[in-house]
Amino acid sequence: QVQLVESGGGLVQPGGSLRLSCVASGSIFSINTMAWYRQAPGKQRELVAVSGGRTNYADSVKGRFTISRDNAKNTVWLQMNSLKPEDTAVYYCYAEVVGQHKLTYQYWGQGTQVTVSS
């Protein structure tokens, strides 16, 4: 079993910054992909940024958000700058993990609330 634990959410004013962290622990051989998704009230969960073979961002966050990763620590971060009210959402960490017997599994964190408001 693998656990993803997120931290770093909170309340920030428009134009401010936050840094989210996600640490994966448990039965991990390697991690193929780590990503951040978000879900705003009444909306579907959407991909924000992904770090795998390539790094990709949602158009709405390009130039403002940066995903980074430390494979040795099984950790991924999301640096969010120039935050806007429309960035308000629950942010979820996602990982595609290669476990024992080289089988691949998908895991989600519990989510961390980001609120952008004055």
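Residues numbered from 1 in each chain as written. Predicted model: local features only at pLDDT ≥ 70, side-chain atom pairs only at ≥ 80, totals over all residues. Heavy atoms only, no water.

Caption draft 1: Geometry of the nonpolar core. Within the largest apolar cluster, 29 residues are counted, with the highest numbers of intra-cluster contacts made by W36, L78, M80 and Y91. Looking at which element gives the most residues to this core, the answer is strand β9 (residues 89-98), with five residues. Filtering out sequence-adjacent residues up to four positions away, L78 remains in contact with L18, R19, L20, W36, V48, A49, F65, T66, I67 and Y91. (Core = buried A, V, L, I, M, F, W, Y, C linked by side-chain atoms within 4.5 Å. Buried < 20%, exposed > 50% of the residue type's maximum accessible area, 1.4 Å probe, protein only. Helix = DSSP H or I, 4+ residues; strand = E, 2+ residues; numbered from the N terminus. Contact = heavy atoms within 4.5 Å.)

Caption draft 2: How the structure looks around the sheet that holds strand β7 (residues 65-70). The sheet built from four strands is open, its strands ordered β1-β3-β8-β7 with antiparallel pairing. With partners counted over all chains shown, the strands left at the sheet margins are β1 (2-7) and β7, one partner each. Within the sheet, the average angular offset between the axes of one strand and its neighbour, ignoring direction, is 15°. Relative to strand β8 (residues 75-80), strand β3 (residues 18-26) runs antiparallel, the two being bridged by six bridges. If you follow V23 over to β8, its bridge partner there is T75. (Pairing = 2+ DSSP bridges. Axes fitted to C-alpha atoms, helices over the stretch in contact; angles between N-to-C directions.)

Caption draft 3: Here's a closer look at the packing of aromatic side chains. The full count for this structure, using the stated rule, is four aromatic pairs. Ring centres 6.0 Å apart and planes at 70° place the aromatic pair Y37 and Y94 in the edge-to-face group. Within this pair, whereas Y37 is found in strand β4 (residues 30-39), its partner Y94 is found in strand β9, the two being separated by 57 residues in sequence. By relative accessible area, which is 9% here, Y94 ends up buried. (Phe/Tyr/Trp six-rings, centres within 6.5 Å; stacked < 30°, edge-to-face > 60°.)

Caption draft 4: Quick look at the pairing of β4. Alignment of β4 against β9, held across nine bridges, turns out to be antiparallel. Note that in β9 the partner of R38 across the bridge is Y91. Note: β4 against strand β5 (residues 46-51), five bridges, orientation antiparallel. Across the sheet, W36 pairs through a bridge with A49, a residue of β5. Connecting the antiparallel pair β4 and β5 is a turn made up of six residues, with G42 showing a positive phi of about 75°.

Caption draft 5: Main features of the state of the cysteines. Following the criterion strictly, the structure yields one disulfide and no others. Here C22 connects covalently by a disulfide to C93, the sulfurs 2.1 Å from one another. As the torsion about the S-S bond is roughly -80°, the C22-C93 disulfide counts as left-handed. Residue C22 is found in strand β3, and its partner C93 is found in strand β9; the two are separated by 71 residues along the sequence. Looking at C22, the relative accessible area reads 0%, which means it is buried. (Disulfide = S-S within 2.5 Å.)

Caption draft 6: Focus on the pattern of salt bridges. Counting across every chain of the model gives four salt bridges. The salt bridge involving E46 is made with R38; its shortest N-O contact spans 2.7 Å. Accessibility expressed as a relative area gives 34% for E46, which makes it partly exposed. Assessed through its relative accessible area of 6%, R38 is described here as buried. For R38, the salt bridge identified is with D87, shortest N-O distance 3.0 Å. Here R38, found in strand β4, pairs with D87, found in the loop between β8 and β9; they are 49 residues apart in sequence, far enough to count as distant. (Salt bridge = Lys/Arg side-chain N within 4 Å of Asp/Glu carboxyl O.)

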